[in-house]
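Each chain, letter by letter, is given below.
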Amino acid sequence: MDPLPAEKSIDVLLKEKRRYPPPAAFVKAARVSGPAARARLQARGAKAPEKFWEDAARELSWDKPWRRVLEWKVPHARWFSGGKLNVAANCLDRHLDGPRRHKAAIIWEGEPGETRTLTYLQLHREVCLFASALKDLGVAKGDRVAIYLPMVPEAAIAMLACARIGAVHGVVFGGFSAESLRDRINDAGAKVVITADGGWRKGAVVRLKDAVDEAVKSAPSVTAVVVLKRTNTDVAIHEGRDHWWHRLTAKASADGPAEPLDSEHPLFILYTSGSTGKPKGVLHTTAGYLVQTAWTTKNVFDLRDTDVYWCTADVGWVTGHSYVVYGPLACGATVLMYEGAPMQPRPDRFWEIVERHRVSVLYTAPTAIRAFMKAGDEHPRGRDLSSLRLLGTVGEPINPEAWRWYRDVIGGGRCPIVDTWWQTETGAILISPLPGATPAKPGSATLPLPGVDADVVDKAGKPVPPGSGGYLVVRRPWPAMLRTIWGDDERYQAQYWSQIPGMYFTGDGARKDKDGYFWILGRIDDVLNVAGHRLSTMEIESALVGHPAVAEAAAVGRPDELLGQAVAAFVTLKGGRLPSPELKEELREHVAKAIGAIARPSEIRFADALPKTRSGKIMRRLLREVAAGRAVQGDVTTLEDLTVLAALQKDEE
Ligand code: 7RM
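Definitions and cut-offs
- Residues numbered from 1 in each chain as written.
- Predicted model: local features only at pLDDT ≥ 70, side-chain atom pairs only at ≥ 80, totals over all residues.
- Heavy atoms only, no water.
- Helix = DSSP H or I, 4+ residues; strand = E, 2+ residues; numbered from the N terminus.
- Rg over C-alpha atoms; globule rule 2.2 N^0.38 Å.
- Buried < 20%, exposed > 50% of the residue type's maximum accessible area, 1.4 Å probe, protein only.
- Contact = heavy atoms within 4.5 Å.
- Areas by Shrake-Rupley, 256 points an atom, 1.4 Å probe, with all protein chains shown as cover.
- Lys, Arg positive; Asp, Glu negative; His and termini not counted.
- Charge placed at Lys NZ, Arg CZ, Asp CG, Glu CD.
- Pairing = 2+ DSSP bridges.
- Axes fitted to C-alpha atoms, helices over the stretch in contact; angles between N-to-C directions.
- Right-handed = clockwise from strand over helix to strand, strands pointing away.
- Polar contact = N/O pair within 3.5 Å; in protein donor to acceptor, adjacent residues only side chain to side chain.
- Parallel < 35°, antiparallel > 145°, perpendicular 65-115°, else oblique.
- Nonpolar A, V, L, I, M, F, W, Y, C, P; charged D, E, K, R; others polar.

A. Spotlight on the overall build of the protein. Helix and strand content of the protein: 21 helices and 30 strands. A globule of 653 residues ought to have a C-alpha radius of gyration of about 26 Å, and the protein, at 24 Å, matches this closely. Here the C-alpha coordinates of the protein stretch approximately 75 × 65 × 55 Å along the principal axes. The proportion of buried residues among the 653 residues of the protein is 61%. Counting contacts in the protein only where the partners sit at least 6 residues apart, residues at least 24 apart contribute 71% of the total. Of the roughly 24,500 Å² of accessible surface on the protein, 53% is carried by carbon and sulfur atoms. Computed over 86 positive and 78 negative side-chain charges, the inter-centroid distance for the protein is 5 Å.

Here is the structure:
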């Protein structure tokens, strides 16, 4: 493990002394109202966590009750074993018998401006039809299905259809390249790929189907590709393999039952970056995942039937799984879904959407908030945002300045902000304010939620004193935790349960203050957080060395005002290749093509050699400091060749 990150950033955060108690009007009506109510929940969760989660589980519809709440043998957990339920039935069927039958489940807006509303009854029908269509294609319980779609209702429909028949979905973010898609399809052994002729992004069509055609060329497990007509773009159709979505559903049956599934039946695989070049297929299962995503949606977002709830994440990320689809639909919410880019066609697009649909709960990323802040107050000020009552953030630490802007300019000073800490692996929010109960401190995710045993410890697992940096861990299993890494249980054990004995290690550094509030310091492994998206430095490096001109590469994060972190890459060239601005551009494109646009380095620096230790390890700590433009501090005695470092500092364009 790397040493803890520089203390600098956290010092800035800890200077932030102001507290923001929840607004009195909000507290009065809140589900969890006032600090004492949270303390009581907290005490219940600490005293009898299994009982706590068992009570939460009773809020779902079960086909068969569980026998045991938790079976736990480090590092494998089974929650609610013996029980059976269906996730899609909990998100849809159970709402059809009451007042939610004709309630809007999804209000969708496409980037070009069209809107669609699907009631719970209508969404249920679409899911049933598509579930039958999948069965007709030979998809059976346990089979893997890859989903590569834009943000359209069909993304949720495809996920829920898989859940309905017990197929395991693997959603791949539409911004990922054909190569990334191929690797994920192959790792999961997906039988079917679901895609679209394209999706709208920044006024242009993203040609998803082309990427699928490229990927499937070397994906032998794929027997069928389903294509949704979204943009009316011309696409190649491979007879026998490709099927139009609308043709399949036109001849499918609408009355297939939801399959009762074991609590531990796999629900989805979602790939996320780790500290090696190979993304990890994080596996989530059925009941525990839904229990905790539903509980957190209801309580962290203080959700009401009258809310219009908008989580701006793409379904390609875990936030889109847990807080666009599963959590909110399990709660019977009205979910707003938007296809496109935040500032398309104008910088006030988000605020126009809030105004038009009377959004009341808004959950987005700090990087977006900083971009809006930079674009200017006139954009939100020109729209009626009075429907908003609660704001949330996720994905990275929020700087206090952006926090206050979000509260004042977007929330009009009346909306609490929930800064929610969690990961792809945790499945659900673990550390967060409860909006009617927890005084906020800008930049802190505040406290572990009831039933969650998170702490900050040293390498031996001993809690560190208040104010000291340490490793963020979770001591006891929680219902929505990942169960393994698909096809690599050893990596699961080594990565998460071995670094600190007997505990789940998050990969984050953190610090607790004297009030027990958690301040996240960021990743301490080789994972970057660029605009709230996880990237592995190794993946970027292996993309770079895949270019014929590159001999060696090192990627690091450097602080960036808008993105949080930006990718800076140091590259040495093969003999005979000369550095040039054109080559820099070519390398940036090369990475974007290999992984996806989100991985495109902001900066490439050529060097004659990379700084290494005597044993040949690249000294990333030094490169981080060089990339940040700081004078290199700390111990450089293990550095093999000091002239290398001096040369790198000079190549600052
Ligand atoms: C939900 C998600 C996980 C990593 C995590 C942290 C960072 C997420 C916060 C945060 C500070 C937050 N899943 N992170 N939320 N850091 N405050 N509220 O983002 O798997 O893609 O990333 O993101 O480093 O380990 S993720």
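Having put the structure on the table, let's press on.
B. The sheet that holds strand E24 (residues 504-512), seen in detail. Strand order in the open sheet formed by 4 strands is E21-E22-E24-E25, with antiparallel pairing between adjacent strands. Strands with a single pairing partner mark the edges of an open sheet, and in this sheet they are strand E21 (454-457) and strand E25 (518-523). The average undirected angle you get between the axes of adjacent strands in this sheet is 45°. Sheet topology note: the E21/strand E22 (residues 469-474) ladder contains 4 bridges and is antiparallel. By the bridge assignment for E22, Ala454 is matched with Val474.

C. Region of interest: the pairing of strand E29 (residues 564-573). Across the 10 residues that make up E29, a large majority, 8, are buried. Sheet analysis places strand E28 (residues 550-560) next to E29, joined by 10 bridges and oriented antiparallel. Bridge pairing in E29 links Arg558 to Ala566. The hairpin formed by E28 and E29 contains 3 residues between the paired strands. By the bridge criterion, 4 bridges tie E29 to strand E30 (residues 603-606) in an arrangement that is parallel. The residue of E30 that forms the bridge with Val571 is Phe606. Following the backbone out of E29, through helix H19 (residues 581-594) and into the adjacent parallel E30, one traces a crossover that is right-handed.

D. Spatial organisation of the environment of Asp143. Relative to the elements of secondary structure, Asp143 occurs in the loop between helix H6 (120-136) and strand E6 (144-148). Given a relative accessible area of 16%, Asp143 falls into the buried group. Considering only alpha carbons, one finds Asp143 and Gly546, 403 residues apart in sequence, at a separation of 33 Å. In this structure the side chain of Asp143 is engaged in a polar contact, spanning 2.8 Å, whose partner is the backbone nitrogen of Ala140. A polar contact is formed between the side chain of Asp143 and the side chain of Lys191, at a distance of 3.1 Å.

E. Region of interest: the sheet that holds strand E17 (residues 334-338). Judged by pairing direction, the sheet is mixed, and its 7 strands sit side by side in the order E5-E4-E17-E16-E18-E19-E20 without closing on themselves. Two strands close off the open sheet at either side, each with one partner strand: strand E5 (115-119) and strand E20 (417-420). Neighbour-to-neighbour, the strand axes of the sheet open up by a mean angle of 20°, direction not taken into account. Bridge count for strand E4 (residues 104-109) against E5 is 5 bridges, and the pairing is antiparallel. By the bridge assignment for E5, Ile106 is matched with Leu118. The strands touched by H6 are E4 and E5; relative to E5, the strand with the most contacts, the crossing angle is about 90°. Against the sheet, helix H16 (residues 400-410) engages strand E18 (361-364), strand E19 (390-394) and E20, with an angle of about 155° to E19.

F. Representation of the packing of helix H14 (residues 366-375) against H16 within the structure. Here H14 crosses H16 at 70°, and the two axes come no closer than 10 Å. With respect to each other, H14 and H16 are oriented roughly perpendicular. Contacts between H14 and H16 pair Ile369, Arg370, Phe372 and Met373 from the former with Glu401, Ala402, Trp405 and Tyr406 from the latter. Taken together, the residues of the contact of H14 with H16 sort by class into 6 nonpolar, no polar and 2 charged.

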